[in-house]
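Letter by letter, the chains look like this.
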Amino acid sequence: MNDISQYGSPREVGDLVLPKASQGQGQGDPPISGLQVGARKVSAPTRDTGTLAGSYTPPPRLYYTYSFVRGQERTRLTLAASQGKVYWMAVTTAAGEGEGDALAKKIADSFRVK
């Protein structure tokens, strides 16, 4: 698996990795709300291989993004797949914190997998 879409659509993958929206996961866990799901393609720059082959342009990588509120925290989650593994990064901030949320979005959007 070299592309997260091989595991399904953003919603299908979200059903596997996200806490259930209707109920908390354990004793006293609050449910999630305000779920936002997205996908974005990121193109890697062309690089010189240093061989007779010349330059190489890797295919664009697809990232799935999720944002939700759980209790008093907003979580931003980014997932990608490469070489048979799924990589993810989560950033959590206090819900409703404008400046902190903007920084968390910037961090989540900067996540890259080689």
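Our structure's up above, just so we're on the same page.
Since we're looking at a predicted model, the values are computed, not measured. (Residues numbered from 1 in each chain as written. Predicted model: local features only at pLDDT ≥ 70, side-chain atom pairs only at ≥ 80, totals over all residues. Heavy atoms only, no water.)

**Description of the pairing of strand S4 (residues 61–70)**
At step 1: The element S4 is extensively covered by neighbouring structure, given that 9 of its 10 residues are classed as buried.
At step 2: Where strand S1 (residues 32–42) and S4 come together, 9 bridges link them in antiparallel fashion. Within S4, the residue paired with Ala39 across the bridge is Tyr64.
At step 3: Across 7 bridges, S4 lies against strand S5 (residues 73–82) in antiparallel orientation. Directly across from Arg70, in S5, lies its bridge partner Glu73.
At step 4: Hairpin remark: S4 followed by S5, antiparallel, with 2 residues in the connecting loop; positive phi at Gly71, about 65 degrees. (Buried < 20%, exposed > 50% of the residue type's maximum accessible area, 1.4 Å probe, protein only. Helix = DSSP H or I, 4+ residues; strand = E, 2+ residues; numbered from the N terminus. Pairing = 2+ DSSP bridges.)

**A word on helix H2 (residues 98–110)**
At step 1: For H2, spanning 13 residues, the distance from its first C-alpha to its last is 19 Å, which sits close to the expected 18 Å at 1.5 Å a residue.
At step 2: Within the span of H2, buried status applies to Gly100, Asp101, Ala104 and Ala108. With its buried residues spanning 95 degrees around the axis, H2 presents them on a single face. For H2, exposure combined with an orientation more than 90 degrees from the buried face picks out Gly98, Glu99 and Lys106.
At step 3: Next to the buried residues of H2 lie S1, S5 and strand S6 (85–94). (Expected span 1.5 Å × (residues − 1). Arc of directions from axis to C-beta. Contact = heavy atoms within 4.5 Å.)

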